[in-house]
Every structure is written in structure tokens, then in C-alpha cells.
Amino acid sequence: MLLKFLLSQTSLPCTIFTLTSLSLLFGVSEDNNYPEIFRKEPKEYDFIVIGAGTAGSVIANRLTENGNWNVLLLEAGKEEPLLTAIPAFTELFTGTPYDWKYQTRPENNACNLRGFVPLRGGKVMGGTTSINYMLYVRGNREDYNNWERMGNTGWSYNDVLPYFMKSEDNRDQDILQGGSMYHGTGGYLTVERFQHVDPRTNIILRAYQEFGLRPTDINGENQIGSMLAQSTTRNGSRMSTNRAFIRPIRRRNNLFIKNQVYVTKILIEPITKIAYGVQYTSTLTGDTKIALAKKEVIISAGSIESPKLLMLSGIGPIKELFLHAIPILKNLSVGHNLHDHMGALGLVGSTGEGFSFFPSCERNMNDLNDFYDQHRGPLASVGPISATGFFQTTQENRTGVPDIQLFNGGFSPILPYYNMFGIIPAILAPKTRGFVRLNKLNPILGNPEINHKCLADADVDTLREATYMAIRIFNTTVFRENNFTLINKPLPGCHMHEYNTDDYWNCVIRKFSFLVNEQVGTCKMGPREDTEAVVDPRLRVHGIKNLRVADASIIPVIPRGSTMAPVIMIGEKASDMIKQDWP
């Protein structure tokens, strides 16, 4: 491997950043050698899947299980680079060509948030699963039961659990023994705990337990509690949906993959309202082409790109389409219902070891060698992020249903190397709703306008209560014995308020809360009578034939946890529904 060779050259600069920059610059990937361009392609495909991300990779895999179907998979990003395999380097991909580099801003100054806020989204084979924190969290059973109560037949917890299990190859024996009815083995997606846990992360987990969050399997019978989260990794390396679902079947002769192509329009017959193909442009040559689909077009481009593509194709709010002079094929609430988990910054702790972003160069080299030789050591981890907990505030009184997740952030761009950390309460059932609209200046190539709106007062109240609860963790015996202390200096912009008062935390939550980068809801699933619904419970776009959406955008209400596992489940369930509809 190239990085292994570089490590052996002692004359080269040895900082991790240098190696990172080299790998990113040359785009080294295990997938660069597949001879896609030399294969004879059909004149028409049975299915076209737009987006090789969290759900699209799953769908492309499952549909090509039928040897009689040809599937075209289109992806705007590049092949997944080698460096994504290293869990600790996750933050280094922010703002690179593998990131969509979205930005959101509040609707007006009443939100108190300053300027544009960056949002990360994977623009690469595997999508966001190639650059995220890899936490495998399914959410709560009541999330899915609620989807069904909203009119989405077939989406109850009992309906979706088999699809979670279908993907899964769970390798933690204690999890399997304690909850075999909730977990699967033998699937494409490896699920396991991170191979390395540093002592400081264990201290944080023990403090959670002393705080009252008992050990639990958050994907099993009881979500409330704490654990070292399971992850989508295999033997210490990231297991993106590209690695899990596409790489093993890349040579199937009925799978055709084109990346670095950007779909600009779904082709829809205006009278019959039947989707029959797509128009796409190469980001390398600028050439525009058309691909035809005999059966269906499936959009799996994510909560930002999927609504954008629908609107560019004439499906969306009349006012928005009229503004951009786009012929209206179907008036639907595309782009509405945008929401995300939101975390409250402000609880910053010190491990008592001083502050440093980077360890010594010698340790960098040793850790890299450990990772490439054995897939072990600090680089096979995400530092304190792997410790997590779920609990209730007084805003939620249903048994077993949390409304807060505790995250931990290490203050370092390379995740395991931290001496300061944040305990971050994140709201799991936000009331705030925003929207996605087309870019006013360049609707086709420009990033959409993303507006999460002002934080709802109810969300502020929940986060404030959760912060008061979480601050008690710094008073635990395990923190005191290990010299973990709270840095109780007021944050800039809120210094006029007394620390640890309602006014102070209201200010912090309004000014320093952040989106967790788990946007959902912009192509909402719901029955026809739901005026906000874009797709029906079988994920078919209302009023348009042979067109589906299958990704995070269809989620009507966000699950209580990271959204990667639910979106993989959506890919599995969508694949089965498509097979049922085209026997």
C-alpha cells in the first residue's frame, strides 16, 4: 500500500497531516482499477439508482441479486480513498472534495446564531458513511411505531427490525448473547465496537454509569442507559456502505457504476407522468448524457440533494418552481420538514493533562504502523465519541423513550489525541423544522439554500434541562479521582450572564448549539391525505409513476439516535418493496 511505503521512507516528513494531504491529493483508492469504461452497456437499464451513499449502495446491491435486471448506479463523488479506512481521521475530510460543503444559516437575526453554519455530507462512493463517526444506533422502537401511526403502513418496529438484522454481521459476542432476537450475523455490514478505547474514554463511560445511566445495549430491548457504542467497522477499519455493499459485488456483470457524474434532471413524460430516465453531466469532461430506465428511477441522493433534484425535475412547491421558471409536473411539499438532532455546547472538561492538538511525531509514526500492521491502536478509534448515553428529561414521560443523547467531543482534529473534551447533550425529538430551496443564483450547480430556522422554544427548554442534568457528571467520584474537571469559564458572547443560570444556558444554546449532521425529512413519507408527504409508504413519489425516493429524506420524524443505521434499513426495505412490485 502507498501509505505503508511512505511510512518506510524515513527521509519524508512524518506528520500525519503530510500523509493525509498526500493521500487526499492523489485520491488513492482500492476501487480505481475497476474497468467500468470498457464494459458494454445496455441501451436501457431496468433501474437507475441516483446516489451511491448510505441507502443507494444497499439498493444497487440488492437489485443486482436478480441476474435478469441491469442497474445503473450514478454517484457525484469520487471513489472512496484509502484514508477513510482510518477511523481517527474522520474530521480530516471536512471541507475536502469528499464533502459537499453545505452551509446553513438561520432565517433571521432572532436566532442569535452568527453567519453561515457548515454541514458535512459525503460526496464520495459510500456517501456520508465514508466520512462519518460510524456509530451504529437504530433509534427507539416507538420511533417506528409512530411512523406507522402517521399512516405509514408497514413501518412499525416489528416491520423494520428484520431489515436492520438482514444487513448486520454483528461480531460482539456479549451483544449477541444478550440480545440475539435484536441482532443479525452474516450480513454485508460488519458491526462491532471500536478496536481501541483509550483510558480517558473509559473514565467518561464510568462517570455516565455513576450518574445513573446503567449499561445497556442501546439497539436492544432498552435504549436508556450507556455503553461503548457499536460501530460500522471491521477489524478496526471503517466499513462504509461502499466497502460493505458495493466492493464485494463490484464485478457483477449487471451492475454499472458511473461516479463523478451529476444528475441534473429526472426525465418524466409530462402527460402520463411516467419517469423514464435521467440526464446527467460528467464533472470531469462536462459532457451531458441521458440514461433510460425501463422500470424505475430511484433517488437516493440524501436529504439535501434529493429534494433539489425533484424540484429541478418539476416536482415541488408551485411557488418555488415558478420562481425558477421550472415547468410544474406535480405540486408537492418537497424540501419541507427539514430537521436534525441538535447538540448544546458549553460543558467543556479537562483531563488534567494540559492542552495539545498533536502528540509527538514519533508517536504519530508508531500509531500509523500499528494501524496498518494490526488495525489496532489509537487510530482504530474515534476517541471519546464512542462513549454514549441516553436519558429522559421531564419533557418525556413514556417508559423507555429517551429525549436526550449524550455525545462526547475531543478537541482535536485527529480524534483520539485529546486532552480536553466536551459533554454534549443532543435533543433526540426536536420540534424545530426548516426547509431546503433551490439556489437563487445557480439552481442547477449551486448548493441549495438550507434553512433550519430558529431553534424552537420547546427545544431550548429541553436542552437547558439536559445541560443542568449533564453538568452533574463532573461531580462524580470517578471524575474527581481522575482529575477530570469542568472548565466553568463563560463562553464569549454569553459572559454577561452568570455561569450556570437559566439566562446563561439560554444564551449558550441559542448561540452555540450545532447541528449533528443527520438531516432528514425533506421528501417526507406519508399517505396521500398528508399535505406534507412527498412519497407514499412504498416510497413512490405521489402522482409520478416509476419514481421512488429511498434515503434519509423520506423519514417523517427523525429516529432517536444516529441516522446511518435507519437509512441502511430503508435501503434494505426499499429493495424488497421494489422486488415485490416488479416480480
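The rules behind each value
- Residues numbered from 1 in each chain as written.
- Predicted model: local features only at pLDDT ≥ 70, side-chain atom pairs only at ≥ 80, totals over all residues.
- Heavy atoms only, no water.
- Helix = DSSP H or I, 4+ residues; strand = E, 2+ residues; numbered from the N terminus.
- Rg over C-alpha atoms; globule rule 2.2 N^0.38 Å.
- Contact = heavy atoms within 4.5 Å.
- Salt bridge = Lys/Arg side-chain N within 4 Å of Asp/Glu carboxyl O.
- Buried < 20%, exposed > 50% of the residue type's maximum accessible area, 1.4 Å probe, protein only.
- Core = buried A, V, L, I, M, F, W, Y, C linked by side-chain atoms within 4.5 Å.
- Phe/Tyr/Trp six-rings, centres within 6.5 Å; stacked < 30°, edge-to-face > 60°.
- Lys NZ or Arg CZ within 6 Å of the ring centre and 35° of its normal.
- pLDDT = per-residue confidence, 0-100.
- Axes fitted to C-alpha atoms, helices over the stretch in contact; angles between N-to-C directions.
- Left-handed = near helix turned anticlockwise from the far one by under 90°.
- Nonpolar A, V, L, I, M, F, W, Y, C, P; charged D, E, K, R; others polar.
- Disulfide = S-S within 2.5 Å.
- Pairing = 2+ DSSP bridges.
- Patch = residues over 30% accessible without salt bridge, like charges linked within 9 Å, V, L, I, M, F, W, Y side chains within 5 Å.
- Areas by Shrake-Rupley, 256 points an atom, 1.4 Å probe, with all protein chains shown as cover.
- Expected span 1.5 Å × (residues − 1).
- Lys, Arg positive; Asp, Glu negative; His and termini not counted.
- Polar contact = N/O pair within 3.5 Å; in protein donor to acceptor, adjacent residues only side chain to side chain.
- Parallel < 35°, antiparallel > 145°, perpendicular 65-115°, else oblique.

Any chance you could explain the overall build of the protein here in plain terms?
Secondary structure summary: the protein contains 15 helices and 26 strands in total. A compact globule built from 583 residues should have a C-alpha radius of gyration of about 25 Å, and the protein, at 23 Å, falls within 12% of that. Projected onto its principal axes, the C-alpha coordinates of the protein cover approximately 70 × 55 × 50 Å. Across the protein, contacts joining residues at least 24 apart in sequence account for 71% of those joining residues at least 6 apart.

Would you take a moment to explain the pattern of salt bridges for this structure?
For side chains bearing opposite charge, pairing can occur when the charged atoms are close. Enumeration according to the criterion identifies 29 salt bridges in this entry. Between Arg250 and Glu79 there is a salt bridge, and its shortest N-O distance comes to 2.6 Å. Taken as a pair, Arg250 in the loop between α8 (241-246) and β11 (255-259) and Glu79 in the loop between β2 (71-75) and β3 (102-104) lie far apart in primary sequence, 171 residues in all. An identical accessibility class is assigned to Arg250 and Glu79; each is buried. For Asp169, the salt bridge identified is with Arg171, shortest N-O distance 3.2 Å. With a relative accessible area of 36%, Arg171 lands in the partly exposed category.

I'm lost on the nonpolar core in this one. Help?
Soluble globular proteins tend to bury their nonpolar side chains together. Membership of the largest hydrophobic core comes to 84 residues, with the highest contact counts inside it found for Ile266, Val278, Leu310, Leu539 and Leu547. Among the elements that line this core, the one with the most residues is helix α15 (residues 564-581), at nine residues.

Help me out: how do you make sense of the packing of aromatic side chains in this one?
Given two aromatic rings, their pairing is described by the distance between the two centres and the angle made by the two planes. Following the criterion strictly, the structure yields 19 aromatic pairs and no others. Seen from their ring centres, Trp147 and Trp155 are 6.0 Å apart, and the 55° between their planes marks the pair as tilted. The exposure classification of Trp147 matches that of Trp155, with both residues buried. Plain terms: the ring middles of Phe211 and Phe391 are 6.0 Å apart, the flat faces sit at 75° to each other, and that makes the pair edge-to-face. In this pair, Phe211 sits in helix α7 (residues 199-211) while Phe391 sits in strand β19 (residues 387-391), placing the two residues 180 residues apart along the sequence. We note that Phe211, like Phe391, is buried. Taken together, the aromatic side chains of Tyr144, Trp147, Trp155 and Phe164 make up a single cluster linked through ring pairs. The aromatic ring of Trp100 is capped on one face by Lys123, whose charged end is 4.7 Å from the ring centroid. Here the guanidinium or amino end of Arg200 rests over the ring plane of Tyr418, the centre of that ring lying 4.1 Å away.

Even after reading the chapter, I still don't get the confidence of the model for the protein, so can you show me in this structure?
A low pLDDT means the predicted coordinates there should not be read in detail. Mean pLDDT over the protein stands at 91; residues scoring 70 or higher make up 91%. The weakest mean pLDDT in the protein belongs to helix α1 (residues 2-8) at 48; the strongest belongs to strand β26 (residues 547-549) at 99. Counting interchain partners and residues more than four positions distant, the pLDDT-below-50 stretch residues 5-13 has nine contacts.

Would you mind showing me how to read the packing of helix α3 (residues 56-63) against α15 here?
Two packed helices can be described by the angle between their axes and the distance between those axes. Closest axis-to-axis distance for the α3/α15 pair is 8 Å, and the angle between their directions is 35°. Viewed along their axes, α3 and α15 form a crossing whose handedness is right-handed. For the pair formed by α3 and α15, the contact residues are Val58, Ile59, Arg62 and Leu63 on the first element and Ile568, Gly571, Glu572, Ala574, Ser575, Ile578 and Lys579 on the second. Its residues assigned to classes, the contact of α3 with α15 shows six nonpolar, two polar and three charged.

Explain the state of the cysteines here, please?
Applying the stated criterion across every chain yields a total of one disulfide. What pairs with Cys494 in a disulfide is Cys507, and their sulfur atoms sit 2.1 Å apart. Across the S-S bond linking Cys494 and Cys507, the dihedral sits near -85°, which makes this disulfide left-handed. A residue pair is termed long-range when its members are at least 10 positions apart, and Cys494 in the loop between β24 (485-486) and α14 (502-512) and Cys507 in helix α14 qualify at 13 residues.

I keep staring at unusual backbone geometry and nothing clicks. Help me out?
Most peptide bonds take the trans form, and the phi angle of most residues other than glycine is negative. In this structure, Asn235 is a non-glycine residue whose phi angle is positive, near 50°. One can find Asn235 in the loop between β9 (233-234) and β10 (237-238). The class of Asn235 is partly exposed, set by a relative accessible area of 40%.

How should the sheet that holds strand β8 (residues 230-231) be read in this particular structure?
Within a sheet, adjacent strands bond to each other through the backbone by hydrogen bonds, running parallel or antiparallel. Strand order in the open sheet formed by three strands is β5-β6-β8, with mixed pairing between adjacent strands. Two strands in the sheet have a free side with no partner beyond their single neighbour: β5 (168-170) and β8. Across two bridges, strand β6 (residues 189-193) lies against β8 in antiparallel orientation. Residue pairing for β8: Arg193 is matched across the bridge by Gln230.

Help me out: how do you make sense of the environment of Met365 in this one?
Along the chain, the position of Met365 falls in helix α11 (residues 361-374). Considering only alpha carbons, one finds Met365 and Ala429, 64 residues apart in sequence, at a separation of 43 Å.

Would you take a moment to explain a nonpolar patch on the surface for this structure?
On the surface, Ile318, Phe322 and Ile328 cluster together to form a nonpolar patch covering roughly 330 Å² of accessible area. Among the structural elements, Phe322 can be located in helix α10 (residues 318-323). Using a relative accessible area of 68% as the deciding quantity, one classes Phe322 as exposed.

Looking at this structure, how should I read helix α12 (residues 457-470)?
Owing to its 3.6 residues per turn, the α-helix aligns residues three or four sequence positions apart on the same side. The first and last C-alpha atoms of α12 sit 20 Å apart over 14 residues, in line with the 20 Å expected at 1.5 Å per residue. Most of α12 is tucked away: 10 of the 14 residues are buried. Within α12 the residues assigned to the buried category are Asp459, Val460, Thr462, Leu463, Arg464, Glu465, Ala466, Thr467, Met469 and Ala470. Turning to α12, the residues buried within the fold contact α7, β17 (342-343), β19, β20 (404-410), β21 (420-427) and α14.

Help me understand the side chain of Glu320, please; the structure alone is not making it clear to me.
Within the fold, Glu320 resides in helix α10. As a buried residue without a salt bridge, Glu320 has its nearest oppositely charged side chain in Arg437, at a separation of 4.4 Å. Side-chain polar atoms of Glu320 contact the backbone nitrogen of Leu438, separated by 2.9 Å.

How should I be thinking about the packing of helix α5 (residues 157-167) against α15 in this particular structure?
Contact geometry of α5 with α15 gives a least axis separation of 9 Å together with a crossing angle of 100°. Classified by the interaxial angle, the pair formed by α5 and α15 is roughly perpendicular. Along the contact surface, α5 presents Val160, Tyr163, Phe164, Lys166 and Ser167, while α15 presents Ala565, Pro566, Ile568, Met569, Glu572, Lys573 and Asp576.

It is not clear to me how the environment of Val348 should be interpreted in this structure. Could you clarify?
Tracing the backbone through its elements, the reader meets Val348 in strand β18 (residues 348-350). Once the C-alpha coordinates of Val348 and Glu148 are considered, the two residues, 200 residues apart in sequence, prove to be 40 Å apart. When neighbours within four sequence positions are excluded, Val348 is seen to be in contact with Phe411, Met420, Phe421, Gly422, Phe474, Thr485, Leu486 and Ile487.

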